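Given next are the chains, with one letter for each unit.
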Amino acid sequence: MCGIMGYIGGKNAAENVLEGLKRLEYRGYDSAGIAVLDNKGTISVVKRQGRVIKLEPLIKNLQGGAAIGHTRWATHGRPCDGNAHPHSAGRITIVHNGIIENYAELKKQFTDEDETFFSETDSEVVAKLINKNYNGNLLCALYKTVCVLKGSYALMAICEGVDAIAVAKCKSSVILGFGSGENYCASDEPALAGKCSEICSLEDYDLALITRKSIQIFDGNLNPVSRTKRPNTAVSASLDLNGYPHYMLKELHEVPASIKNTVSAFPEVCGSYLKAVAGADRIILLGCGTAYHAALIGKRYFECFARIPAEAETSGEFRYKNPVITKNTAVLAISQSGETADTVEAARLASSLGAKVVAVTNAPYSRLTRISDVSVPVEAGSEICVAATKSYTGQVAALYLCALAFANGGISEKELSELEKIPKLCKTALNDINVDSLAQMCAQSHGVYFIGKDLDYAVALEGSLKLKEVSYVPSEGYPAGELKHGTLALIDGNTVSVALMFDEKLSEKCSNAVEQVLSRGGKAAVITDSETIANKFRNRCSVIIMPNAGKYLSPLVSAVAVQAIAYKCAVFLGRDPDKPRNLAKSVTVE
Ligand code: M6R
């Protein structure tokens, strides 16, 4: 992961890069740093553990027209000033996003020669190598260096006395921005929003040499190549909290708009989507974290609506298991960012084995979109909070439409209008439900178990992930029937079991699990859309009533409840729900 950005031109480079880094903080916020090349050709570096804002006072006296910067999510080496990027060696200074898998053996060559390393990172060795390979040509030194690297990298390098930025890319994204008398490079589009009119994406193994006046791109054999330019439509996410105390709460209130916009966008892509998946006899849905939980729901939609075998897998497992794929397999790769390394590589693998790949993503120009046959948009808008809220409900809505369209050869007005009712129900839920006492109960507990059956179980997994992610309260999601096969041993007065019951037929069975929890002295809560179920448990445990959206669309409504509980619990415990410890929004490394 990590966000990186470079600028060269007539403006104050450090200020420009700082602004870009602020917009890339969703990629990591363990530390940040900037290196500036001044007009005399000297490089100055500032870096600090913590958020990008800490650099603001440090760059005040840094003048210069070229700079590279980095915001870090630590992979190798703990978060501290010393491990913060940029890293320097001799005349060279670099920033790196990715993982150098053979760093230890490369590093040994230098330590054997008594070279000192100043960090515990895998990246510092890259600076050493470029410096060693430098013979008056920065691009050639970078080229020689990447030839021996294994792993993933988006690299930017500057050199004392050389008015240029050299860039290299393998598996991690690099976007170049074309300006007038100035040019840009960044790991992701938001950094370049409003900065230049055209951008392009580098391909794997590409290198580029960026000066004030030009950008030259080379392929992995150092042959000049051109990459397709596109208008720079990147918009910087509005950082306005709109009166909300946190982005998580703001984005939770944007769930209705996310569903509405995703539904409105689908008819336009329905034809190309159906063309891509025509003849599929098996569906595989892939994703990580929350996107995987959306995949679990999508799997059930395909099975129920189209009666076609469907599997949901985490991308990280799928890509290493030698999967069985035929040309009649359709893979739906789900990702908010479209940049998650495991999902991109899993989709690439599926495609190379002959599957048709459908990207279900919020990011139209992401790596995932570029390697997929077709893209189904999730119109959640920008999601700043690390915890996914509105993107999850957008993904579920998109998958519902994909499965229905596949089953029926298209989407009818009637089906669309069913979905169009859901945003209003979510809005009602957001305004009416009070999860305060349940969230407080969770905050005071030793552990929270979310349980449910079928679709409710998939939402239970998401509720559990959300709660642990933002509140750090230990939590697990279970199929309700599994409780008695082990987890019941953990139930005591310090635990809370939250049962989701949105399927009338299965509620009886799930009720049994709640009874078992209560009879063993555990605390319990029931979230349901049924008055009958609510009456059964009222006065015996905490009950939250949600609007009825029908069995298949209920996850869109029940998700709002579990997301609200997680948010409130985090707030009670004084956590920052928008930037939980140890995490990043976009996970671009393995
Ligand atoms: O960008 P992606 O949807 O591919 O991200 C996948 C996961 O990293 C993400 O959903 C993560 O689990 C969320 N932070 C959970 O709230």
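Structural data are supplied above this passage.
About the thresholds
Here the residue numbering is sequential within each chain, running from 1 through the sequence in written order. At least 70 in pLDDT is required for a residue's local features to be given in this predicted model, at least 80 for side-chain atom pairs to be given and counted, and no such filter applies to totals for whole chains, interfaces and linings, which use all residues. Here the side-chain values reflect all heavy atoms present in the structure, with hydrogen atoms and water set aside. Each helix is a run of H or I in the DSSP string that is no shorter than four residues. Each strand is a run of E no shorter than two, and both are numbered from the N terminus. The buried label applies to any residue whose accessible area, calculated with a 1.4 Å probe on protein chains only, is under 20% of its type's maximum; exposed applies above 50%, and partly exposed to all values in between. Pairs of residues are marked as contacts when any of their non-hydrogen atoms sit within 4.5 Å. Positive charges are assigned to Lys and Arg, negative charges to Asp and Glu, while His and the chain termini are left out of the count. A charge is said to be at NZ when it belongs to Lys, at CZ for Arg, at CG for Asp and at CD for Glu. Two strands qualify as a pair provided that DSSP identifies no fewer than 2 bridges between them. Only the contacting stretch of a helix is used when fitting its axis, a line to C-alpha atoms as for every element, and angles between N-to-C directions run 0 to 180 degrees. Take the number of residues in a helix, subtract one, and multiply by 1.5 Å to get its expected span. Note that the bend at a residue is defined as the angle between axes fitted to the seven residues ending at it and the seven residues starting at it. Aromatic contacts are taken between Phe, Tyr and Trp rings whose centres are within 6.5 Å, Trp giving its six-membered ring; a plane angle under 30 degrees counts as stacked, one over 60 as edge-to-face, and the others as tilted. By definition here, charges over rings are those cases where NZ of Lys or CZ of Arg is within 6 Å of the ring centre and within 35 degrees of the ring normal. Only buried residues count toward a nonpolar core. Its members are Ala, Val, Leu, Ile, Met, Phe, Trp, Tyr and Cys residues joined through side-chain atoms within 4.5 Å. Boundaries between domains were set according to an automatic or database domain assignment. Roughly parallel refers to an angle under 35 degrees, roughly antiparallel to one over 145, roughly perpendicular to one between 65 and 115, and oblique to any angle outside these ranges. Each crossing gets its handedness from the near helix: less than a right angle anticlockwise from the far helix is left-handed, clockwise is right-handed. By convention in this text, a residue qualifies as near a molecule or strand provided that one of its non-hydrogen atoms is within 4 Å of it. Think of a polar contact as two N or O atoms within 3.5 Å of one another; within protein, one of them needs to be a possible hydrogen donor and the other a possible acceptor, and neighboring residues in sequence only count if both atoms come from side chains. Ten residues, namely Ala, Val, Leu, Ile, Met, Phe, Trp, Tyr, Cys and Pro, are considered nonpolar, four, namely Asp, Glu, Lys and Arg, are considered charged, and the remaining ones, Gly among them, are considered polar.

J.: Please explain the overall build of the chain as it appears in this structure.
T.: Looking only at helices and strands, the chain has 18 helices and 25 strands in total. Based on the C-alpha atoms only, the size of the chain along its principal axes is roughly 80 × 50 × 45 Å. Counting all 590 residues of the chain, 61% fall into the buried class. Within the chain, contacts between residues at least 6 apart in sequence are counted, and of these 71% link residues at least 24 apart. For the chain, the separation between the mean place of its 63 positive charges and that of its 63 negative charges on side chains is 0 Å.

J.: Help me understand the sheet that holds strand β8 (residues 162-170), please; the structure alone is not making it clear to me.
T.: Backbone hydrogen bonds are what pair the strands of a sheet, in a parallel or an antiparallel way. Strand order in the open sheet formed by seven strands is β5-β6-β7-β8-β12-β13-β14, with antiparallel pairing between adjacent strands. Two strands in the sheet have a free side with no partner beyond their single neighbour: β5 (87-89) and β14 (224-225). Against the sheet, helix α3 (residues 124-133) engages β5, β6 (92-100) and β7 (151-159), with an angle of about 130° to β6.

J.: What should I look at first to understand helix α6 (residues 255-277) in this one?
T.: Two residues of an α-helix separated by three or four positions point the same way, owing to the 3.6 residues in each turn. With 23 residues, α6 should cover 33 Å at 1.5 Å per step; its first-to-last C-alpha distance of 28 Å lies more than 12% under that length. The sharpest bend along α6 comes to roughly 55°, located at V269. Immediately downstream of α6, the backbone of G279 shows phi near 80°, a positive value.

J.: Teacher, can you tell me more about the packing of aromatic side chains here?
T.: Centre-to-centre distance and the angle between the planes together describe a pair of aromatic rings. Inspection of the entire model under this criterion finds 10 aromatic pairs. Linked through ring pairs, Y301, F305, Y400 and Y552 together constitute an aromatic cluster. One Lys or Arg, R51, reaches over the ring of Y29 and ends 5.1 Å from the middle of that ring. Cation over ring: K107 sits above F117, and NZ or CZ is 4.9 Å from the ring centre.

J.: Got a minute to help me understand the environment of A74 in this structure?
T.: Assignment of secondary structure puts A74 in the loop between β4 (66-72) and β5. Dropping the residues within four chain positions of it, A74 is found in contact with D30 and P79.

J.: Whenever I open this one, the pairing of strand β1 (residues 3-8) confuses me. Can you help?
T.: One face of the sheet, then the other: side chains in a regular strand alternate in exactly this way. Of all six residues that make up β1, six are buried, and the element is covered over most of its length. Of the two faces of β1, both are covered, the one formed by G3, M5 and Y7 as well as the one formed by I4, G6 and I8. Looking at chain direction, β1 and β4 are connected through six bridges and run antiparallel. Directly across from Y7, in β4, lies its bridge partner A67. Of the pairings in the sheet, the one linking β1 to strand β10 (residues 183-186) comprises four bridges and is antiparallel in character. When the sheet's bridge partners are listed, M5 is paired in β10 with A186.

J.: Where do I start with the sheet that holds strand β20 (residues 374-377) in this structure?
T.: Strand order in the open sheet made by the five strands is β17-β16-β18-β19-β20, with parallel pairing throughout. Among the strands making up the open sheet, the edge pair consists of β17 (310-314) and β20. When strand polarity is set aside, the average angle formed by the axes of neighbouring strands in this sheet is 20°. Here strand β18 (residues 329-335) pairs with strand β19 (residues 356-361) via six bridges, running parallel. Paired with L332 across the two strands is V358, which belongs to β19. Packed on one face of the sheet, α6 meets β18, β19 and β20 and runs near 160° to β20.

J.: Would you take a moment to explain the nonpolar core for this structure?
T.: A general tendency of soluble globular proteins is for nonpolar side chains to be buried together. Counting 95 residues, the largest nonpolar core has Y273, F302 and I527 as the members making the most contacts within it. There are two domains that each give this core at least three residues, and those are domain 2 (241-420) and domain 3 (431-578). Those residues within four positions of I527 in sequence are excluded, and the remaining contacts are V498, A499, L500, M501, F502, I544, M546, A561, V562 and I565. In terms of nonpolar packing, the next biggest core, distinct from the first, is built from 30 residues, I92, V125, I130 and V146 among them.

J.: Please clarify how the packing of helix α11 (residues 390-408) against helix α12 (residues 413-420) should be interpreted in this entry.
T.: Helix packing geometry: the angle between the two helix axes and the distance between the axes. Interaxial distance between α11 and α12 falls to 12 Å at its minimum, and their mutual angle equals 165°. Between α11 and α12, the angle is such that the two are roughly antiparallel. Relative to α12, α11 is oriented so that their crossing is right-handed. Residue-level contacts link Y400, L401, L404 and N408 of α11 to E415, L416 and L419 of α12.

J.: Help me understand the site of the ligand, please; the structure alone is not making it clear to me.
T.: The environment of the ligand is made up of 15 residues, and the closest members are S335, Q336, S337, T340 and E469. At 2.4 Å from an oxygen atom of the ligand is found a side-chain nitrogen or oxygen belonging to T340. Separating an oxygen atom of the ligand from a backbone N or O atom of A388 is a distance of 2.9 Å. Breaking the shell around the ligand down by element, the ones donating at least two residues are α7 (290-306) and α15 (455-471). It is α15 that contributes the most residues to the shell around the ligand, three residues altogether. Looking at side-chain class alone, the shell around the ligand contains seven nonpolar, six polar and two charged residues.

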